[in-house]
Amino acid sequence: MNYADSANDHEGRAALALRAMHARVWRRLRPPPKMSGAEWAVKYRVLSNEESSLKGRFSWDVSPALRGIAEAATLPATRKIVVQKSAQVGYTVGIVCNIIGYHIHYRPSVIVAAFPRTMAAKDFASEKLDPMIRACKVLRARINLKSRADGNSLLRKRFPGGLAKLVGTNSPSDVKSTSARVVVVEEPDDAATDVRGQGNSIKLLEERVKTYGDHLILIGGTPTAKDASAVEAEMRKTDKRYFHVPCHSCGETHVMHWDNVTIPEDEDAQPRDIYGRHQHEKAYYTCPHCGTTWTDDERIANLRRAERDGGGWVPTAQSAIPGFYLNELLSTFDESRVPVLARKYLEAKFKLDNGDPNDMIAFWNSTLGITWEYRGELPEEDTLRKRAEHYAEWSCPVGGLEIFATIDVQHDRLAVTVWAFGRGEEMWLVYWGELYGQTIVAHAGAWVDLEILLGRRVRHATGAALAIGAAAIDCSDGQTSDAAYAFVRKHSRPDREVIAVKGAPDAIGKFEIWTPPKKVDPNKRSTKASRVGVSIHIVGTAKAKDLILGWSENAGRVRLEGDGPGRMHWFEAVRDDFYEQLLSEIKIPSRLNPAKREWKPRTDRRNEALDCTVYAIYLYRHKRLHLRRPAMWDLVEQRIRQAPLMLEGDDGVFELPAVMASHEHPGGQGERTPDDRTPDLSSPPKVTASPTPVVISNIKPRPVQARLSSPFASDDWNSRL
């Protein structure tokens, strides 16, 4: 070989080597081909014995309806998906695990998966996520479960380009600390509705994706009570898709519904204890179009061919958010066969007929995937409207003797109620409304309007004008609490105590309505009020709601009619949303312990009016009016009735300051000793000076017999008024 041939040979080999290097580089840098989550699962997912009884290659034939959800979750335009589901449909393995695995392998990014409690997150990691990583080669190559050097732990999995973090919704640091492109929320109905006063956990998690334009939020879970279910509330915003299944006989498609299940009866059979003459072993499904009876094998076959033969997911509403309804009739598992479901239904119905609805509620939620409506536990809004009474706003009947204001603080407004209280905790609504304006900055915005409102008087039926004697302000929101504390410091005074209240972290009823307040305000300045600090009053909101609303057909003060102790009254012209807001929560069995009930907010309405009413009950207890002796009530009533006989204002209204609070409870923050709880009637009450031109002081109590025989306490006098 001559020199020229040798040179050409070297150049040829160099060119081949260069081309091979370029090919390797381009293979490494080439963007991956487009692949959906459903395609990824079929190609890469392997199931192990640890996570499923169906080990081996993943197949959508096991849960045919889930394929469409996985496809939708990885479409470029999808930003949020909601799934309202039953149990036993393979959602966790087929959707949650596949979506997490897809983004670990195919689209590396930060993933946050939220569970109701931290323990549930740990269970998911050990029972589902770690076995999936060990079983899938492509995931095992990215995450070394045995190594802690890379920062891996049970709840944190680091991989090239991202992080998978599992959190509990009961921890504010977990739901607020990490920005993520993918957020998965499991069982939103069990998630924390208020994370230590910092807001709803689902809303806080949704804030984590704001910095990502191509984010994905996946929310899925089993519903609970109608109008109190978080997943039901999320579904209202979606396009509400239902899975249509074709009939093998007529070819028509329909949504599989429990109404199409038949449980035959054998009239000749011996009745059984629970099932009667029903033969749940022979239960079957029927096509609603042609009446053809389906065997379970035919039902499963129709499910598997649904998307191929004109069925599949069909939206029923207009929305950019896909929403999917799943029930157990769409499952192919052995424990979801129609005879098995029929047996569960008959057992639940037997308990329901004997007064125990818990199993039927579980069947409704976990088998049918729909909410349970708690009928009769609260009155209807129209029932309350019919009971409205004929008196004007900012006025009260003769029985109203003490005036209290309560304020629920929102970021853009203050919701306010004013109540008049009388003997036996009977109460009349005087005002319900909202003061709009910012509430973050102290002494500005809506706070200025509140200062003016607290100076208003309530016209009593006798013609007297009653001042607001106490006010309670909700300070549970960390973003507005400083402004609320500032208002309390400035405006609380002996004749009109203003207190800061917070709801106790209790949905069951462990805390009493009133407990001694605690000084927790850390702001200590040069003024005496600031050095003393603000007393925080913890309200047993659950027990107060038990008292006001109740949860059985014969309980709750809202059901009481007529006049007398414990009755609640409202005026005809009250703003219409007062009724629905007053009935804005419902007490339902806990998912974790059905033997206990817990208060849940209804998701179709706001609840400021109920919160304000709860605080009004607290004020009544805080001012010790439930312990006030009849003689003192008589004295207060006499003072109000005598006012028109003594002095009259320029506008014809007889103005009375709120004197009884300062007599019974000296001190701006309502500090009391045991000796202060019962008023001393041996000496006349000391009346605090009022900025109004009318002051009534030194009213000496008469003997009880004389007071009862006076014309001011007689029925004749009431009729004359």
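**Here's the deal with the pattern of salt bridges**
All told, the structure shown has 46 salt bridges when counted by the stated rule. Note that D214 and R107 form a salt bridge whose closest N and O atoms lie 2.9 Å from each other. Here R107 lies in the loop between α4 (91-105) and β4 (110-115) and D214 lies in the loop between α8 (201-207) and β8 (216-221), a separation of 107 residues in the sequence. Here D353 and K349 are joined by a salt bridge, their closest N and O atoms 3.2 Å apart. Placement of the pair is D353 and K349 together in helix α11 (residues 338-353), with a separation of four residues, close to one helical turn. A relative accessible area of 53% means that D353 is categorised as exposed. Through salt bridges with shared partners, one network takes in D412, R413, E434, R575, D577, R606 and E608.

**Side note on the side chain of H280**
Secondary-structure assignment places H280 in the loop between β11 (261-262) and β12 (284-286). Residues contacting H280, with those up to four places away along its chain left out, are I263, R272, Y275, P339, A342, R343 and L346.

**Remarks on the packing of aromatic side chains**
Aromatic ring pairs: the centre-centre distance and the angle between the two ring planes describe each pair. Within this structure, the stated rule accounts for 21 aromatic pairs. Seen from their ring centres, F115 and F124 are 4.9 Å apart, and the 35° between their planes marks the pair as tilted. Each member of the pair, F115 as well as F124, carries the same accessibility label: buried. The interplanar angle of 90° and the centroid separation of 5.8 Å between the aromatic rings of W364 and W372 together place this pair among those described as edge-to-face. Under the relative-accessibility criterion, W364 is labelled partly exposed at 27%. Site record: aromatic cluster; members linked through ring pairs are W419, W570, F578 and Y579. The residue whose ring lies beneath R456 is W394, and the NZ or CZ to ring-centre distance is 4.3 Å. Residue placement shows R628 over the ring face of W633; its charged tip is 4.5 Å from the ring centre.

Thresholds applied
- Throughout, a residue's number is its position along its own chain's written sequence, starting from 1.
- Since the coordinates come from a predicted model, pLDDT governs what is reported: local features require at least 70, and pairs of side-chain atoms require 80 or more to be given and counted, while whole-chain, interface and lining totals use all residues.
- In computing side-chain values, all of the structure's heavy atoms are included and hydrogens and water are not.
- Note on definitions: salt bridges are taken to be side-chain nitrogens of Lys or Arg within 4 Å of carboxyl oxygens of Asp or Glu.
- Numbering of helices and strands runs from the N terminus; a helix is a DSSP stretch of H or I covering at least four residues, while a strand is a stretch of E covering at least two.
- Exposure classes here rest on a 1.4 Å probe applied to the protein chains alone. A residue is buried below 20% of its type maximum, exposed above 50%, and partly exposed in between.
- The contact definition used throughout considers only heavy atoms, calling two residues in contact when any of these lie within 4.5 Å.
- Between the rings of Phe, Tyr and Trp (Trp by its six-membered ring), a pair exists once the centres lie within 6.5 Å; its type follows the angle of the planes, with under 30 degrees stacked, over 60 edge-to-face, and the other angles tilted.
- Charges are assigned to positions over rings by a cutoff of 6 Å between ring centre and Lys NZ or Arg CZ, combined with an angular limit of 35 degrees from the ring normal.

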